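Summary of structural features
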Amino acid sequence: MTKRKKQFFPPKQNRRAPEPGSDASPERPNLATINLDAGTGKSGFAVGDSVRIQGNGTYSGEIATIERISAGVIPSAVVRTISGGSRHVRTIDLVPAKMESPAPD
């Protein structure tokens, strides 16, 4: 019986760094960023306040009512939108909603 020959693998070649913005690049444009100021939060909110959701994500730009406030490492609130949806939102992403007065007749 003859001995099998060891398979030859060519040495790896040095490649150029991937272009920024490509999938192989370490700097991806869709990478999540962390807001370090979120830990401080915003004060002055209470349960029942009407707020507008800023920032990115679900229900962005909608007016909502605060149902519960959580004071943790990153202060957050559970809000319910006018359309009926609810979500957790960092308090840094909330702004008080201006109460619109009815149009004069």
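Note that the structure is predicted; figures quoted are calculated from it, not measured.

Looking only at helices and strands, the protein chain features zero helices and five strands. Across the protein chain, helices and strands are ordered from the amino to the carboxyl terminus as β-β-β-β-β. Split into buried and exposed, the 105 residues of the protein chain put 21% on the buried side. Contacts in the protein chain between residues far apart in sequence, at least 24 positions, make up 39% of those at least 6 positions apart. Put simply, the protein chain shows about 9,200 Å² of open surface, and 53% of that area lies on carbon and sulfur atoms.

With respect to the secondary-structure elements, Arg-90 resides in strand 4 (residues 86–90). Measuring from C-alpha to C-alpha, the distance between Arg-90 and Ala-38 comes to 7.2 Å, with 52 residues separating the pair along the chain. Residues contacting Arg-90, with those up to four places away along its chain left out, are Asn-35, Ala-38, Ile-74, Pro-75 and Ser-76. One polar contact links Arg-90 to Asp-93, side chain to side chain, over a distance of 3.0 Å.

Most often, soluble globular proteins have nonpolar side chains that are buried together. Phe-45, Val-51, Ile-53, Ala-64, Ile-66, Ala-77, Val-79, Val-89 and Leu-94 form the largest nonpolar core, which has nine residues in total. When residues of this core are traced back to their parent elements, those giving at least two are strand 1 (50–53), strand 2 (63–70) and strand 3 (76–81). Ignoring sequence-local partners within four residues, the contact set of Leu-94 consists of Lys-42, Phe-45, Val-51, Arg-52, Ile-53, Ile-66, Ala-77, Val-79 and Val-89.

Working definition: two side chains of opposite charge can pair if their charged atoms are close together. For the structure on display, the rule yields two salt bridges. In this structure, Glu-67 engages Arg-80 in a salt bridge whose closest nitrogen and oxygen atoms are separated by 2.8 Å. One end of the pair, Glu-67, is in strand 2; the other, Arg-80, is in strand 3, and 13 residues separate them in sequence. Under the relative-accessibility criterion, Glu-67 is labelled partly exposed at 39%. In this structure, Asp-93 and Arg-90 form a salt bridge, with 3.0 Å as the shortest nitrogen-oxygen distance. Residue classification places Arg-90 among the partly exposed positions, given a relative accessible area of 29%.

What the five strands build is an open sheet, ordered 4-3-2-1-5; its pairing is antiparallel. For this open sheet the edge positions go to strand 4 and strand 5 (94–96), each flanked by a neighbour on one side alone. The sheet shows a mean angle of 50° between the axes of neighbouring strands, taken without regard to direction. Direction of pairing for strand 2 relative to strand 3: antiparallel, over a ladder of six bridges.

Right, let's talk about the side chain of Thr-91 for a bit. Mapped onto the elements, Thr-91 comes out in the loop between strand 4 and strand 5. We classify Thr-91 as buried; its relative accessible area is 4%. Reaching out from Thr-91, the side chain makes a polar contact with the backbone nitrogen of Lys-42 at a distance of 3.2 Å. The contact partners of Thr-91, leaving out residues within four places of it in the chain, are Gly-41, Lys-42, Phe-45, Pro-75 and Ser-76.

Conventions we followed
Residues numbered from 1 in each chain as written. Predicted model: local features only at pLDDT ≥ 70, side-chain atom pairs only at ≥ 80, totals over all residues. Heavy atoms only, no water. Helix = DSSP H or I, 4+ residues; strand = E, 2+ residues; numbered from the N terminus. Buried < 20%, exposed > 50% of the residue type's maximum accessible area, 1.4 Å probe, protein only. Contact = heavy atoms within 4.5 Å. Areas by Shrake-Rupley, 256 points an atom, 1.4 Å probe, with all protein chains shown as cover. Polar contact = N/O pair within 3.5 Å; in protein donor to acceptor, adjacent residues only side chain to side chain. Core = buried A, V, L, I, M, F, W, Y, C linked by side-chain atoms within 4.5 Å. Salt bridge = Lys/Arg side-chain N within 4 Å of Asp/Glu carboxyl O. Pairing = 2+ DSSP bridges. Axes fitted to C-alpha atoms, helices over the stretch in contact; angles between N-to-C directions.

Everything listed is a geometric property; what it means functionally is a separate question.
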